[in-house]
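# Chain and residue survey
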Amino acid sequence: MAHTPVNHPARPIYRAIGGLTGLYLVVFGVLGIITTAGDELFAQDDTHVLGQGTNFGFSLLSLLLGIVVLIGTALGRNIDVAINQWLAYALMAVGLGSLAFIRTDANIFNFSVFTVIVMLTVSMVLLMAGMYGKVGSEEEAEAFQKARLVL
């Protein structure tokens, strides 16, 4: 039994929201690469981009993840759903894990508290886009509706 809605009426909106989130990650990554060019990969300094602490390594990671989200959004066919959901869980883990290391030498991505808040928000938006963007056959949608009515 499916646990997420199939053929949700607002599916195109959720897909667009996922794409805009990927675009934000790309813009943040590009601006971060420009700002941190010439620095060490995992420098721990006071570099900020769009109000978030970052370094060259995290900027590259953000750019890569944003491109992956945009490719998934462009492909569709539930590939975007899987990418958005898995990436959301990964970003949640990174955000919460880095929260524990903000004021230590283990803060390899140069996170600030604001960066953690933004990463957790981005992960929640991607998770929402992944959960409501699923496309399926009419039979799958009907089975989801019947299961939903039983609950």
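The coordinates are above.
My aim in this report is to walk through the structure given alongside it, one point at a time. What you see is a predicted model, and the numbers here were worked out from it, not measured in a lab.

Cut-offs and rules
Residues numbered from 1 in each chain as written. Predicted model: local features only at pLDDT ≥ 70, side-chain atom pairs only at ≥ 80, totals over all residues. Heavy atoms only, no water. Core = buried A, V, L, I, M, F, W, Y, C linked by side-chain atoms within 4.5 Å. Buried < 20%, exposed > 50% of the residue type's maximum accessible area, 1.4 Å probe, protein only. Helix = DSSP H or I, 4+ residues; strand = E, 2+ residues; numbered from the N terminus. Contact = heavy atoms within 4.5 Å. 1 Å grid on protein atoms, 1.4 Å probe; cavity = no way out; pocket = protein on both sides within 12 Å on 5 of 7 lines; lining within 4 Å. Points joined across faces, edges and corners; volume = space filled by probe spheres on them. Nonpolar A, V, L, I, M, F, W, Y, C, P; charged D, E, K, R; others polar. Salt bridge = Lys/Arg side-chain N within 4 Å of Asp/Glu carboxyl O.

A few words now on the nonpolar core. With 19 residues, the main nonpolar core has F58, L87, L91, F111, M119, V122 and L126 as its most contacted residues. Among the elements of the structure, α1 (11–36), α2 (56–75), α3 (79–99) and α4 (113–132) are those that each provide at least two residues to this core. Of all the elements, α4 adds the most residues to this core, at six residues. When neighbours within four sequence positions are excluded, M119 is seen to be in contact with L25, Q52, F58, L91 and F111.

Another aspect to go through is empty space enclosed by the protein. Empty space among the atoms becomes apparent when a probe as large as a water molecule is rolled across them. Under the counting rule described, the total for this entry stands at one cavity of 30 Å³ or more. The calculated volume of the largest cavity comes to roughly 30 Å³. Counting only elements with at least two residues in the lining of the largest cavity, the list comes to α1 and α3. Class assignment for the residues of the lining of the largest cavity results in two nonpolar, three polar and two charged.

Another point: the side chain of T47. Structurally, the position occupied by T47 is in the loop between α1 and β1 (48–49). Excluding residues that lie within four positions of it along the chain, T47 makes contacts with T35, T36, D39, Q52, G53, T54 and N110.

According to the stated counting rule, one finds one salt bridge in the structure shown. The residue R15 makes a salt bridge to D80 at a minimum N-O spacing of 3.8 Å. Of this pair, R15 sits in helix α1 while D80 sits in helix α3; the two residues are 65 residues apart in sequence, bridging distant segments of the chain. Judged by its relative accessible area of 6%, D80 falls in the buried class.

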